Amino acid sequence: MHETEANRQAWGKLSKDHFERFDRGLKDGTKKLNPLVEQQLGNLRGKKVLHLQCNTGADSILLAKQGADVTAVDFVEDNIRFAQELARRNNADVRFICRDVQTLDEVLDEAFDLVITFDGVLGWLFDLPRWAKNIAKFLKPDGELFVHDGHPYYLVFDETKIKDGILEVKYPYFNETLEVDTMIGGYASDEKEAVNYFRSHKMSDIINALADAQLFVTRFLEFDRCDEGMGGDTKDDRGLMYLKHFEGKLPVGYSLWAVRR
Ligand SMILES: C[S@@+](CC[C@H](N)C(=O)[O-])C[C@H]1O[C@@H](n2cnc3c(N)ncnc32)[C@H](O)[C@@H]1O
């Protein structure tokens, strides 16, 4: 699919900047796991974890430091190369795989206790049924999937107006088409020019893709705040971002747990 290839090239333009930013952050201790994610994942010691869409691996390394046996996947070759270097510099033992997560079953045949994916992930995928089937295949019986991402309801609003307290629907919730943008990045690097495609999936499409793959939702949480770079305009004392005009009023992020029975 040419959109996925365009995205792979677009993300590749950010690899070096992300590596340098996360390298500094891991060195000085400012790069931390999203507290909403860390709190829910709990004790990872000894768990076999598959981390999808890992970027240059900073979060994968932090998960490994908590005692998880981590395999991490991203489809940008430079991200994987930089992730391996970051792991080496941080004395972390993480296995990195370069692959589109929607076709990961073609190169990986293993079962995990936990599959996790978080912070800016599902909108880059265009075949959720295949993604979900892959995850079911990678989970041991009773293994769990954890997703934490931007809330599709929040993503309908015009991002340039919401910080002024104006809610104007720019991206219809029931839109089935892809959004095309000419700039990418900005959350852990400067923005770069690169055509890229994004699709905000309806919550029902996410849940039904999982159900069709025999993955059953066991918990669904909604938050009025998110990790830095994912939205919001004001930082709280945990480093999470919220919308000053809509604190406690709009869901900005969600978490979903599903189990393979
Ligand atoms: C917003 S980042 C989120 C990564 C991570 N949460 C972070 O903050 O570092 C999205 C990541 O998804 C990766 N990605 C996008 N589409 C992908 C696909 N089809 N398969 C694998 N990785 C993909 C990109 O390369 C990028 O690293």
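Residues numbered from 1 in each chain as written. Predicted model: local features only at pLDDT ≥ 70, side-chain atom pairs only at ≥ 80, totals over all residues.

A closer look at the overall build of the protein
Logical step 1: Counting its secondary structure elements, the protein contains 7 helices and 12 strands.
Logical step 2: Here the protein has a C-alpha radius of gyration of 17 Å; the compact-globule value for 261 residues is 18 Å, and the two agree.
Logical step 3: Taken along its principal axes, the extent of the C-alpha atoms in the protein is 45 × 40 × 40 Å.
Logical step 4: Burial analysis of the protein (261 residues in total) assigns 38% to the buried set. (Helix = DSSP H or I, 4+ residues; strand = E, 2+ residues; numbered from the N terminus. Rg over C-alpha atoms; globule rule 2.2 N^0.38 Å. Buried ≥ 20, exposed ≤ 12 C-beta atoms within 10 Å, placed from the backbone.)

Considering the environment of Ile97
Logical step 1: Looking at where Ile97 falls in the secondary structure, it is placed in strand S3 (residues 94–98).
Logical step 2: Distance in space between the C-alpha atoms of Ile97 and Glu144 is 21 Å, their sequence separation being 47 residues.
Logical step 3: Each residue touching Ile97, except ones within four places of it in the same chain, is listed here: Thr71, Val73, Val107 and Leu108. (Contact = placed C-beta atoms within 7 Å.)

Thoughts on the sheet that holds S3
Logical step 1: Here we have 7 strands laid out as an open sheet, ordered S3-S2-S1-S4-S5-S12-S8, and mixed in their pairing. Looking at which strands have only one partner, the edges of the open sheet turn out to be S3 and strand S8 (215–223). Each adjacent strand pair in this sheet contributes to an overall mean axis angle of 15 degrees, direction not counted.
Logical step 2: With 6 bridges joining them, strand S4 (residues 112–118) and strand S5 (residues 139–150) adopt parallel strand pairing. Considered in S5, the bridge of Ile116 is made with Phe146. (Pairing = 2+ DSSP bridges. Axes fitted to C-alpha atoms, helices over the stretch in contact; angles between N-to-C directions.)

What about the nonpolar core?
Logical step 1: Val49, Ile61, Ala83, Leu86, Val115 and Ile135 are the most contacted members of the largest nonpolar core, which has 50 residues in total.
Logical step 2: Residues in contact with Ile61, not counting those within four places in the same chain, are Leu26, Leu86, Ala87, Asn90, Ala92 and Val94. (Core = buried A, V, L, I, M, F, W, Y, C linked by C-beta atoms within 7 Å.)

Examining the site of the ligand
Logical step 1: Neighbouring the ligand are 19 residues, the closest being Trp11, Gln53, Asn55, Phe75 and Gly120.
Logical step 2: Per-element tally for the shell around the ligand: the top contributor is helix H1 (residues 2–12), with 3 residues.
Logical step 3: Here the shell around the ligand is built from residues that sort into 8 nonpolar, 7 polar and 4 charged. (Near = placed C-beta within 6 Å. Nonpolar A, V, L, I, M, F, W, Y, C, P; charged D, E, K, R; others polar.)

As for the sheet that holds strand S10 (residues 234–235)
Logical step 1: Pairing within the open sheet is antiparallel, and its 3 strands lie in the order S9-S11-S10. The sheet terminates laterally at strand S9 (225–226) and S10, the two strands that pair on one side only.
Logical step 2: Sheet topology places S9 next to strand S11 (residues 241–242); 2 bridges connect them, and they run antiparallel. Residue pairing across strands places Cys226 opposite Met241, the latter belonging to S11.

Remarks on the packing of helix H2 (residues 15–28) against helix H5 (residues 77–89)
When two helices pack together, their arrangement is given by the angle between the helix axes and by the axis-to-axis distance.
Logical step 1: Interhelical geometry of H2 versus H5 gives an angle of 15 degrees and a closest axis separation of 10 Å. Considered as vectors, H2 and H5 are oriented roughly parallel to each other. The handedness of the crossing between H2 and H5 comes out as right-handed. Facing H2, whose interface residues are Ser15, Phe19, Phe22, Asp23 and Leu26, H5 presents Asp78, Asn79, Phe82, Leu86 and Arg89. (Parallel < 35°, antiparallel > 145°, perpendicular 65-115°, else oblique. Left-handed = near helix turned anticlockwise from the far one by under 90°.)

Points about H2
Logical step 1: In a regular helix each residue adds 1.5 Å, so 14 residues correspond to 20 Å; H2 covers 20 Å between its end C-alpha atoms and thus fits that length.
Logical step 2: Taken as a whole, H2 has its buried residues at Ser15, His18, Phe19, Phe22 and Leu26. Projected down its long axis, H2 shows its buried positions confined to an angular sector of 100 degrees, all on one face. Projecting away from the buried face of H2 at angles above 90 degrees are the exposed residues Arg24, Lys27 and Asp28.
Logical step 3: Those residues of H2 that are buried lie in contact with H1, helix H4 (58–65) and H5. (Expected span 1.5 Å × (residues − 1). Arc of directions from axis to C-beta.)

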